[in-house]
Amino acid sequence: MFAACLESLGMTLCVAGSLLVMIACGLPTWKVNAFIEGNIVVAQTIWDGLWMSCVVQSTGHMQCKIHDSVLALAQDLQTARALTVISAVLGVVGLTVTVAGAQCTNCIKDEAVKRRVVYAGGIIYIFCGLFVLVPICWIANNIIVGFHDPMVPPAQKREIGASIYIGWAAAALLLSGGTLLCCSCSQGVRGSFPLKLAPTKTITVNGEFDKKHYV
């Protein structure tokens, strides 16, 4: 029972983390322009994402332009685009593997095989979290360094956008959920022997119930 609870909690965290990865990958709010020093024009806000750049006017009108070339992007954005897509795909693969080996399903009959399959799903989700965490931290570090660099003009300084925070939350959920899935496969959690229910009645050779079961 405890192992099943760990599996359910781990799967829930991993699915939520995978959804957040997809949201962070699609949102254009990775880098947001900073309103500092002489850059006090608040009539428009500039968003830079993995797939497009957007300009939001104070009136609410938003205009976006998709990046024309992948090679024209900064190296950190290129890496983030590749790794977040890989993480999203691995999240779907990890869900399929974990569901196949979960105790609440009958896709696999052998208990030892089910335990190894769930463990493999947990490892996949841990890799998903790492694939998100690396580019997120890289871009956040570049934003902070550029913000404090006196050689960068104020109009080109950027701040950390909402997608970075969503990515950090996704990485935390994926790493936590994957760890719980791996812990649920330990012999101490699942027990030395699987739970089996013994039959309460026996049938004799002639097809009738044994008389000892009658009161």
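Each value, and the rule that gives it
Residues numbered from 1 in each chain as written. Predicted model: local features only at pLDDT ≥ 70, side-chain atom pairs only at ≥ 80, totals over all residues. Heavy atoms only, no water. UniProt positions renumbered as here; feature names shortened; annotations may be inferred. Axes fitted to C-alpha atoms, helices over the stretch in contact; angles between N-to-C directions. Helix = DSSP H or I, 4+ residues; strand = E, 2+ residues; numbered from the N terminus. Parallel < 35°, antiparallel > 145°, perpendicular 65-115°, else oblique. Left-handed = near helix turned anticlockwise from the far one by under 90°. Nonpolar A, V, L, I, M, F, W, Y, C, P; charged D, E, K, R; others polar. Phe/Tyr/Trp six-rings, centres within 6.5 Å; stacked < 30°, edge-to-face > 60°. Buried < 20%, exposed > 50% of the residue type's maximum accessible area, 1.4 Å probe, protein only. Salt bridge = Lys/Arg side-chain N within 4 Å of Asp/Glu carboxyl O.

As annotated in an unreviewed UniProt entry, the protein chain carries the name Claudin and is attributed to Ameca splendens. Quoted verbatim from the Sequence similarities (unreviewed entry) heading of the UniProt record, the comment on the protein chain is "Belongs to the claudin family."

> I'd love a proper account of the packing of helix 3 (residues 111–148) against helix 4 (residues 162–183), names of residues and values included.
Axis separation between helix 3 and helix 4 bottoms out at 8 Å; the angle between their running directions is 155°. Viewed along their axes, helix 3 and helix 4 adopt a mutual orientation that is roughly antiparallel. Along this stretch, helix 3 crosses helix 4, giving a crossing that reads as left-handed. Within the contact of helix 3 with helix 4, the residues separate by chemical class into 20 nonpolar, seven polar and no charged.

> Which residues make up the packing of aromatic side chains, and what are the values?
Evaluation of the coordinates by the stated rule reveals two aromatic pairs. Here the aromatic rings of Phe127 and Phe131 are separated by 6.3 Å at their centres, their planes lie at 40°, and the arrangement is tilted. Residue Phe127 and its partner Phe131 are located together in helix 3, separated by four residues, close to a single helical turn. For Phe131, a relative accessible area of 27% corresponds to the partly exposed category. Their ring planes at 70° and their centres at 5.7 Å tell us that Tyr165 and Trp168 sit as a pair that is edge-to-face. Pair noted here: Tyr165 and Trp168 are both in helix 4, with a separation of three residues, about one helical turn. Exposure remark for Tyr165: the relative accessible area of 49% places this residue in the partly exposed category.

> Help me get a handle on the UniProt feature "transmembrane region" (unreviewed entry) in the protein chain, residues and values and all.
The UniProt feature table records "transmembrane region" (unreviewed entry) at residues 12–30, 82–105, 117–144 and 164–183. The distance separating the terminal C-alpha atoms of residues 12–30 is 26 Å; by composition the span is 79% helix and 0% strand. A helix fraction of 100% and a strand fraction of 0% characterise residues 117–144, whose end C-alpha atoms lie 41 Å from each other.

> Outline the pattern of salt bridges, listing residues and values.
Applying the stated rule across the entire model yields three salt bridges. Asp48 is the salt-bridge partner of Arg158, the closest N and O atoms lying 3.2 Å from each other. Residue Arg158 is located in strand 5 (residues 158–160), and its partner Asp48 is located in strand 2 (residues 44–48); the two are separated by 110 residues in the primary sequence. Accessibility expressed as a relative area gives 17% for Asp48, which makes it buried. As a salt-bridge pair, Asp68 and Lys65 come within 2.7 Å of each other at their nearest N and O atoms. Given the relative accessible area of 48%, Lys65 is considered partly exposed.

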